[in-house]
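So you can see what is in the structure, the chains are spelled out below.
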Amino acid sequence: MTKTPEDLRSARWFAPDDLRSMGHRSRAMQMGLDDADWEGKPVIAIINTWSDLSPCHHHLRDRAEFVKKGVLQAGGMPVEMPVHSFSEQFLKPTSMLYRNMGALEVEETLRAHPIDGAVLLGGCDKSTPALVMGAVSAGLPFIFMPAGAMLRGNYAGQKLGSGTDVWKYWDERRAGTIGKEEWMGVQGGIARSYGTCMTMGTASTMMSIADGWGLTLPGASSIPAPDAGHKRMAAACGRRIVDMVWEDLTPDKIMTDASTRNAVTVAMATGCSTNAIIHLIAMARRAGVDLGLEDLDEIGRTTPVIANIRPSGKEYLMEDFFYAGGLPALMQELGDKLDLSVMTVSGKSLGETIEGAQNYNTDVIRPLTNPVYHEGSLAVLRGNLAPDGAVIKPAAMDPKFQTHRGPAIVADSYAEMKEIINDEDYPMTLNHVLVLRNAGPQGGPGMPEWGMIPMPKALLKQGHRDMVRLSDARMSGTSYGACILHVAPEAFVGGPLALIETGDIIELDIPNRRLDVQLSDEELATRRANWTAPPPRYERGYGKMFSQHVEQADKGCDFDFLRTDFGAAVSEPEI
Ligand code: FES
Ligand code: MG
């Protein structure tokens, strides 16, 4: 114990014998609370991203009750605080537009209230980074409690994977090989319970990353949302956070250079979503760790994908991963690729937390000697088309496109691209490269998941299911294909992507990490001189703030003013 009751942050609100504190106490009493609830007790915020339009988080109101139980068991005072809900499916134009807003809300919610520690409930895509970014910036002890993945999908005896199988069946429907009835069957069977997408999409990736970083209780990220163990884990988080407050186990003691490398290693080994790159950078930078694309590529080159989960793996889903031993088993297999000495929220080192973890199915969690893919799932490309980098997922694409050279077909908007891919008479071969621009952080706006440009109808009918696609957008973590993403700087702010024209030759070379357009510097300069910036996307509201402050993909798309090194640190509020 390093903290005494007098040291508690919340005691500044509740303890003094003065006018303001009397007000705080009387208002707490208004809610039926009493001295016995707060005196000498850590106040624990349960930051909840539940909403009626967030299907992945639909169980979190119930889970908050289990966290409360745990907090009470350990002698704390639980308070549930709702924040922005992050519904990947329903938020438009894209949930990414709101990640930083959510992070800001979490940070200010924690700072402005009498809170000593927090349990963060979330898991749907952007919610994990938003919660972690906000809580790290607030600097209070916290535990991330993952929402957990939903059950496996099922249709006509076929296992269905979130997202991944939707795209696959949609391609078949457009190719005319399945009809409306099958399509409706998939609709009814693909999401069978609350919880996040159960492929290794962005949600499962981000929850695993938090676990690998030491920000969850061990193995929490792999428990399926409907499993009773998920409720018990929620209660365990409630108990543990109270002790963390007394121990003053703040996030800076957990999110270090070494644990960040662990998190990246885990990401690569799970066959992570491309979105993880942006969120990893953003979360690390909030913790004061200077993580960049080069670090990710370096760790990626030496970390094989060993989680055989779709879309990088062929067969399995998150439920199978849990039965095989989940993340602790995967980390055991990674062995000395991880720094096991780092501290975790459990109060134990990572090594201690995974001691004895067993791999029950070596086809689901592969040993390093038999990986799903020989390198990490992601590769970072650079070249005259992406001076600040671009990202591709070689683990989930047709390997014949690893090196490719072909003419561009350029669209300035998603609507324009849609027309091209649906036009069966558009002159196009498998050799072409589909290029979508103005879909980046500013141009999208919010960098929507348009990067897996649907296969052109004509090529689908010829039997093709993959081709090279290129954009400044992101793609869903459940997506797959030879899609070059996150091109930086984006076209909207005048990156070289803004300058290319239909017919220009694009060169992709994944082994050498290159992405170029065959244009001379002189030609690019001439085109740049003729380029005019598009009008701003927003003239008022949150969108205006977003466009003024969002950074490019290679920097994690955080707001500049939320960076840890921006300006003087925010001091504690006056009471
Ligand atoms: Fe919530 Fe996929 S939609 S995790
Ligand atoms: Mg997603």
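Residues numbered from 1 in each chain as written. Chains lettered and ligands numbered in written order. Predicted model: local features only at pLDDT ≥ 70, side-chain atom pairs only at ≥ 80, totals over all residues.

Engineer: Just checking my understanding: could you explain the sheet that holds strand β1 (residues 43–48) for this structure?
Structural biologist: Sheet strands pair by backbone hydrogen bonding; their relative direction is either parallel or antiparallel. Ordered in space as β2-β1-β3-β4, the 4 strands form an open sheet in which the pairing is parallel. Each end of this open sheet is capped by a strand with a single partner; those strands are β2 (77–82) and β4 (142–146). Across the sheet, the axes of successive neighbouring strands diverge by a mean angle of 20°, strand direction being ignored. In this sheet, strand β3 (residues 117–122) lies alongside β1 in parallel orientation, the contact comprising 5 bridges. Among the inter-strand pairings, isoleucine 47 is bridged to a residue of β3, identified as leucine 120. Sheet strands touched by helix α6 (residues 127–138): β1, β3 and β4. Its angle to β3, the strand with the most contacts, is close to 165°. (Pairing = 2+ DSSP bridges. Helix = DSSP H or I, 4+ residues; strand = E, 2+ residues; numbered from the N terminus. Axes fitted to C-alpha atoms, helices over the stretch in contact; angles between N-to-C directions. Contact = placed C-beta atoms within 7 Å.)

Engineer: Sorry if this is basic, but what is going on with the pairing of strand β10 (residues 433–436) here?
Structural biologist: Two faces make up the sheet, and in a regular strand the side chains alternate between them. Judged by which residues are buried, β10 turns out to be covered on both faces: Val433 and Val435 on one side and Leu434 and Leu436 on the other are all buried. In this sheet, β10 lies alongside strand β9 (residues 403–411) in parallel orientation, the contact comprising 4 bridges. Its bridge partner being in β10, valine 410 is matched across the sheet by valine 435. Of the strand pairs in this sheet, β10 and strand β11 (residues 469–471) are connected by 3 bridges, and their pairing is parallel. Bridge pairing in β11 links valine 435 to leucine 470. (Buried ≥ 20, exposed ≤ 12 C-beta atoms within 10 Å, placed from the backbone.)

Engineer: I would appreciate a short explanation of the UniProt feature "domain: Dihydroxy-acid/6-phosphogluconate dehydratase N-terminal" (unreviewed entry) in the chain in the present structure.
Structural biologist: Under the local residue numbering, the UniProt record ascribes the feature "domain: Dihydroxy-acid/6-phosphogluconate dehydratase N-terminal" (unreviewed entry) to residues 41–352. Between the C-alpha atoms that bound residues 41–352 there is a distance of 29 Å. The span itself is 47% helix and 9% strand. (UniProt positions renumbered as here; feature names shortened; annotations may be inferred.)

Engineer: Sorry, what's going on with helix α12 (residues 275–286) here?
Structural biologist: For α12, with 12 residues, the first-to-last C-alpha span of 17 Å sits near the 16 Å given by 1.5 Å per residue. Counting buried positions along α12 yields 12 of 12 residues, so the element is predominantly enclosed. Burial in α12 covers these residues: Asn275, Ala276, Ile277, Ile278, His279, Leu280, Ile281, Ala282, Met283, Ala284, Arg285 and Arg286. In this structure, the buried side of α12 is in contact with α6, α9 (202–212), α11 (257–270), α13 (293–302) and β8 (386–392). (Expected span 1.5 Å × (residues − 1).)

Engineer: I tried to follow the confidence of the model for the chain on my own but got confused; where do I start?
Structural biologist: For residues with low pLDDT, the predicted coordinates do not support detailed interpretation. In this model, the chain carries a mean pLDDT of 96, and residues with pLDDT of at least 70 account for 100%. Both scores are available for the predicted complex, with the pTM at 0.96 and the ipTM at 0.92. (pLDDT = per-residue confidence, 0-100.)

Engineer: How do you make sense of the nonpolar core when you look at a structure like this?
Structural biologist: A general tendency of soluble globular proteins is for nonpolar side chains to be buried together. In this structure, Ile44, Ala118, Val119, Ala135, Met145 and Leu280 are the most contacted members of the largest nonpolar core, which totals 186 residues. The residues touching valine 119, leaving out its near neighbours within four places in the chain, are Ile44, Ile46, Val67, Ile143, Met145, Cys237, Gly238 and Ile241. (Core = buried A, V, L, I, M, F, W, Y, C linked by C-beta atoms within 7 Å.)

Engineer: Explain helix α15 (residues 326–334) here, please?
Structural biologist: For the α-helix, the turn length of 3.6 residues means that residues three or four positions removed from each other point alike. Most of α15 sits inside the fold, with 8 of its 9 residues counted as buried. Of the positions making up α15, those classed as buried are Gly326, Leu327, Pro328, Ala329, Leu330, Met331, Glu333 and Leu334. Where the residues of α15 are buried, they touch α9, α11, α14 (318–323) and α16 (350–354). Positive phi appears at glycine 335, one or two residues downstream of α15, with a value of about 50°.

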